[in-house]
Amino acid sequence: MIRTRIRPAVRAAAGIAAVVALAAGCGSGTDEGQEVPVGEPGIEQDEQDASDQGGASGEEGASDEDGSSDEREGADGSSDSGDEGTTDTVEALPGDADLATETLPVTAEDAWDIALEATGGGEVRSIEIDDHDGSWEWEIEIQLDGEEHELDIDATTGEVTDHDREADDDREPAVDITSPMTYQEAIEIALGEQDGRVEGWELDSDDGRIEYTIDIEREDGEDVEVEVDVETGETRIDD
């Protein structure tokens, strides 16, 4: 009788244990089930990280595009620099130019300053413009410290092509292309005496008298020199 009672009790205990175990298993399953959602945000975070990395890569790509744009700008800049480095070519006057109506690239005033800078000062004793085989050239004489400087200056480029000096105590008066008479005024006076093309002129002194000599080519091809006194405006024609 005692054994018969024990077996139902054992079965009941076993049943209770089974229920407890099942409950524990369900609880464990619930915990594991809860771990899965915990893991999912991690996956989503990884995907978000990957997305962020992709976005950063995209931004780098945009930066590269900007960089290539900068390179294009740099190429344009170098092209612009090349344009700035290009110098304009000065056109020389033809040998048959008329100095009464046309202006040389290097004017008398320019040549005057270039000559005085080359010598370091002094007094200009004469200045002349003439055409040498199709090339216009200034010839200027300057007196400085007992020396006479003779300079040739290209009337197109301003280059001093020749500079000679020698001892000379000549006391000839200094000349001035601005006072008391300009070379433009002298040319106008000369053309009033003789028509033609002005092919050159000179300002110097002769026996203490300062005068312009205007070289004029007449229509018949003959050359005429018209001398103009800077003080009185009187003229003399030498043909």
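The structure under discussion appears in the preceding block.
Residues numbered from 1 in each chain as written. Predicted model: local features only at pLDDT ≥ 70, side-chain atom pairs only at ≥ 80, totals over all residues. Heavy atoms only, no water.

**As for the nonpolar core**
Ranked by internal contacts, the top residues of the largest apolar core, which has 37 residues, are Ile127, Trp138, Ile177, Trp201, Leu203, Tyr212 and Ile214. Listing elements by their share of this core, those giving two or more residues are helix H2 (108-119), strand E1 (123-132), strand E2 (135-144), strand E3 (147-154), helix H3 (183-193), strand E5 (197-206), strand E6 (209-217) and strand E7 (223-229). Setting aside its immediate chain neighbours within four residues, leucine 203 contacts Arg125, Ser126, Ile127, Val175, Asp176, Ile177, Ile210, Glu211, Tyr212 and Val230. (Core = buried A, V, L, I, M, F, W, Y, C linked by side-chain atoms within 4.5 Å. Buried < 20%, exposed > 50% of the residue type's maximum accessible area, 1.4 Å probe, protein only. Helix = DSSP H or I, 4+ residues; strand = E, 2+ residues; numbered from the N terminus. Contact = heavy atoms within 4.5 Å.)

**Structural notes on the pairing of E2**
By the criterion of burial, E2 is predominantly enclosed, with seven of the ten residues buried. Alignment of E1 against E2, held across nine bridges, turns out to be antiparallel. When the sheet's bridge partners are listed, glutamate 128 is paired in E2 with glutamate 139. What sits between the antiparallel neighbours E1 and E2 is a turn of two residues, in which aspartate 133 has the positive phi angle 55°. With eight bridges joining them, E2 and E3 adopt antiparallel strand pairing. Its bridge partner being in E3, glutamate 137 is matched across the sheet by aspartate 154. Hairpin connection, E2 to E3: the antiparallel pair is bridged by two residues, and aspartate 145 has positive phi, about 50°. (Pairing = 2+ DSSP bridges.)

Just distances and angles here, no functional claims.
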